[in-house]
Amino acid sequence: MNVLFLGAAREVTGSCFLVTVRGKHVLIDCGMEQGRDTYVNQDLPINPSQVDAVVLTHAHIDHSGMIPALVKQGFRGAIHATPATQMLCDIMLRDSAHIQEMEAEWQNRKAARAGEASYEPLYTQQDAQTALDLFEPLPYKEQREILPGCRLSFTDAGHLLGSASATLALDEDGVSKTIVFSGDIGNTSQPIIRDPQYLSAADYVVMESTYGDRLHGARPDYLADLSDVLQTTFDRGGNVVIPSFAVGRSQEILYFLREIKEKGMVKGHDGFPVYMDSPLAIKATQIFQRTDISFFDENMQALLRAGVNPITFPDLTLCVTAEESKQINFETRPCVIISASGMAEAGRVRHHLKHNLWRKEATILFVGYQSVGTLGRQIHDGAESVRLFNETIAVNAQVRTLHAISGHADQQGLLKWIDSFNPRPQRVFITHGEEAVALQFEDLLKQRGLATAVPYSGDGWDLVRNQQEQAGSRALVSRQKTKRQKTAQRDDALNQALARLSRLVQNSRGLSNKLKDKLARQINELAKRWED
């Protein structure tokens, strides 16, 4: 009876843990890494065909995104998730597979021109469909024996529609142990979904620590803050571009915009257009609209009972096709553009950033966590320019953040969640956090008298003896730049030099004719030297 930590160990993304009981193997989450990796993650130590079951805490790709790859490699067991998670995965895994296929197609065009070997996608649409056929929904609070000696139940984690903390009750050779996997613990007082529900009993807890080092602060007035962004940007004649996660965050933004419009909180721009330019977000919104109202918070339920659809309104345009997306560029009125992905690593939002980042009148509004190494994090942290579609784009737009609109619990919320266990767990494993954050959160738990560990990928623990039985690699991911990265860096430097030269020429209009002649002569001499 043991647990092996594979992903989200001293990192935020790529959730993946392997529990073994009575010789059977249960994988908790099978997520895709996003952003920059810190440590080399250990591969699954068994053949995927030997995994007997998967337990999925929620639909976000950093928890679910590698399930089709697992299937491609031979997994054929059951995938246990809440009904809402199953519905969301039906669109999210298909979308992820489409991205993998498109990436492979692009790579293969380049490879063919270079005479290089072809590129195989990580997984295909068929792999995603095969995975979806393996899902077995399990409602909250019901218990199911998923394997001999392993019973599963889900508790609402309040992070996303259908998100759950997973409790595994294990039994082997007369020894019984309970281990809880927190999944992503939700923030309180989020719109639409319920607050996280608390558990009270477990021998072991594997918990996230994404915001373990900070507090969200006093709950802001979301409507006032968003209205201010809209008002100031529209008054400048600019667009508000919102990189937003297609599932969860996009629906929250629609919820706020409907109320802002209803209350007339943006003056002088009545009927301002809103574009949701994400086929995935549109499909997710449709799932929210047909979900049983018991999954929602009291305010959402009250609106639905009153016949109000809280996430739609006049002047909202849903863009499904690429042509509809392109038409947004011809909108003459200041508008709101909601587009995925939330960290600007992929999707149509990159096109909207290309068209708006360089405009001083525009605003880029971040509404969620930006992982280290992502384009969103670069912009958020003040980059003066970024690379998009092999071009250097100046960041002249105003960059703002809608603070505290987070799907994750802050430090106080995490402590409240772990404090609900009585008696205290034998050990708390801290995961899903940048290394420094996880270690800082561990110190807080130690001060509370809890036994803790911050595992590395490949660390294994015996759950009967409460002892570490395996140490994983501590190897860091190599930071050595690939040839492609080095080429892009040099291209970027040349583009910046060209932009600098262009500014120099533009600013020379006030110079004397003598100095203008000198500048032109030196530029031509430089060009001739390189042409020869």
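Everything quoted here is computed from the prediction, not taken from an experiment. (Residues numbered from 1 in each chain as written. Predicted model: local features only at pLDDT ≥ 70, side-chain atom pairs only at ≥ 80, totals over all residues. Heavy atoms only, no water.)

Student: Report on the overall build of the protein chain, specifying residues and quantitative values.
Tutor: If you tally the helices and strands in the protein chain, you get 15 helices and 23 strands. Relative to the compact-globule value of 24 Å for 532 residues, the protein chain shows a C-alpha radius of gyration of 25 Å, a close match. C-alpha atoms of the protein chain, sized along the principal axes, occupy 95 × 60 × 50 Å. Counting every position in the protein chain, which comprises 532 residues, the buried fraction comes to 52%. Counted over contacts in the protein chain with a minimum sequence separation of 6, partners at least 24 positions apart contribute 74%. As presented, the protein chain carries roughly 24,400 Å² of accessible surface, and 48% of it is formed by carbon and sulfur atoms. In the protein chain, 58 positive and 64 negative side-chain charges are present, and the distance between their average locations comes to 7 Å. (Helix = DSSP H or I, 4+ residues; strand = E, 2+ residues; numbered from the N terminus. Rg over C-alpha atoms; globule rule 2.2 N^0.38 Å. Buried < 20%, exposed > 50% of the residue type's maximum accessible area, 1.4 Å probe, protein only. Contact = heavy atoms within 4.5 Å. Areas by Shrake-Rupley, 256 points an atom, 1.4 Å probe, with all protein chains shown as cover. Lys, Arg positive; Asp, Glu negative; His and termini not counted. Charge placed at Lys NZ, Arg CZ, Asp CG, Glu CD.)

Student: Can you lay out unusual backbone geometry for me, pointing to particular residues and giving the numbers?
Tutor: Cis rather than trans, the peptide bond between Ala 340 and Ser 341 has omega equal to 10°. For the bond from Asn 422 to Pro 423, the omega torsion is 10°, close enough to zero to count as cis. Backbone geometry at Arg 22 places phi at a positive 50°, although glycine is not the residue there. Within the element layout of this structure, Arg 22 appears in the loop between strand 2 (16-21) and strand 3 (24-28). The backbone phi angle of Ala 344 is positive, close to 60°, even though this residue is not glycine.

Student: Quick one: what's the story with helix 5 (residues 222-236), residue by residue and with numbers?
Tutor: Since the α-helix turns once every 3.6 residues, residues separated by three or four places project in the same direction. The terminal C-alpha atoms of helix 5 lie 22 Å apart, and with 15 residues this matches the ideal 21 Å at 1.5 Å per residue to within 8%. For helix 5, the complete set of buried residues consists of Tyr 222, Leu 223, Leu 226, Ser 227, Val 229, Leu 230, Gln 231, Thr 233 and Phe 234. For helix 5, the secondary structure elements touched by its buried residues are strand 12 (240-243), helix 6 (249-263), strand 15 (336-339), strand 16 (363-366) and strand 19 (398-401). In the segment just after helix 5, Gly 237 is the residue with positive phi, at about 85°. (Expected span 1.5 Å × (residues − 1).)

Student: I'd love a proper account of the sheet that holds strand 10 (residues 175-181), names of residues and values included.
Tutor: Taken in spatial order, the seven strands line up as 7-8-9-10-11-20-21 in an open sheet, and their pairing is mixed. Every interior strand has two partners, whereas the edge strands, strand 7 (143-147) and strand 21 (452-453), have only one. Pairing of strand 11 (residues 204-208) with strand 20 (residues 427-431) involves five bridges; the strand directions are parallel. By the bridge assignment for strand 20, Tyr 204 is matched with Arg 427. Its contacts with the sheet put helix 12 (residues 411-419) on strand 9 (164-172), strand 10, strand 11 and strand 20, and the angle it makes with strand 11 is roughly 165°. Lying on the sheet, helix 13 (residues 435-447) is in contact with strand 11, strand 20 and strand 21; it crosses strand 20 at an angle near 160°. (Pairing = 2+ DSSP bridges. Axes fitted to C-alpha atoms, helices over the stretch in contact; angles between N-to-C directions.)

Student: Give a detailed account of the packing of aromatic side chains, specifying residues and quantitative values.
Tutor: One pass over the structure, following the stated rule, counts eleven aromatic pairs. Positioned above the aromatic ring of Phe 272 is the side chain of Lys 261, whose terminal nitrogen or guanidinium carbon lies 3.8 Å from the ring centre. (Phe/Tyr/Trp six-rings, centres within 6.5 Å; stacked < 30°, edge-to-face > 60°. Lys NZ or Arg CZ within 6 Å of the ring centre and 35° of its normal.)

Student: Any details on the packing of helix 3 (residues 83-114) against helix 4 (residues 125-132)? Residues and values, ideally.
Tutor: Running from amino to carboxyl end, helix 3 crosses helix 4 at an angle of 160°, the nearest separation of the two axes being 8 Å. The orientation of helix 3 relative to helix 4 falls into the category roughly antiparallel. In this structure, helix 3 meets helix 4 at a crossing whose hand is right-handed. Mapping the contact onto sequence places Cys 89, Asp 90, Leu 93, Arg 94, Ala 97, His 98 and Glu 101 in helix 3 and Gln 125, Ala 128, Gln 129 and Leu 132 in helix 4. Its residues placed into classes, the contact of helix 3 with helix 4 shows five nonpolar, three polar and three charged. (Parallel < 35°, antiparallel > 145°, perpendicular 65-115°, else oblique. Left-handed = near helix turned anticlockwise from the far one by under 90°. Nonpolar A, V, L, I, M, F, W, Y, C, P; charged D, E, K, R; others polar.)

Student: Give me the sheet that holds strand 15: which residues, what numbers.
Tutor: In spatial order, the strands read 14-13-15-12-16-19; together these six strands make up an open sheet with parallel pairing. A single partner strand is all that each edge strand has here, and the edge strands are strand 14 (316-318) and strand 19. With strand direction ignored, the average angle separating the axes of adjacent strands in the sheet is 20°. Of the strand pairs in this sheet, strand 12 and strand 16 are connected by two bridges, and their pairing is parallel. Directly across from Val 240, in strand 16, lies its bridge partner Thr 363. Each of strand 12, strand 15 and strand 16 touches helix 10 (residues 349-356); the most contacted strand, strand 12, lies at about 150° to it.

Student: Could you give an account of the pattern of salt bridges, naming the residues involved and the relevant values?
Tutor: Evaluated as defined, the whole model comprises 21 salt bridges. Here Lys 72 and Glu 120 are joined by a salt bridge, their closest N and O atoms 2.8 Å apart. Here Lys 72 is found in helix 2 (residues 67-72), whereas its partner Glu 120 is found in the loop between helix 3 and helix 4, with 48 residues between them in sequence. (Salt bridge = Lys/Arg side-chain N within 4 Å of Asp/Glu carboxyl O.)

Student: How would you summarise the environment of Phe 366 if you had to cite specific residues and measurements?
Tutor: The topology assignment puts Phe 366 in strand 16. We classify Phe 366 as buried; its relative accessible area is 1%. The spatial distance from the C-alpha of Phe 366 to the C-alpha of His 403 is 8.7 Å, given a sequence separation of 37 residues. Residues within four places of Phe 366 in sequence aside, it is in contact with Pro 243, Gly 376, Ile 379, His 380, Val 399, Arg 400, Thr 401 and Leu 402.

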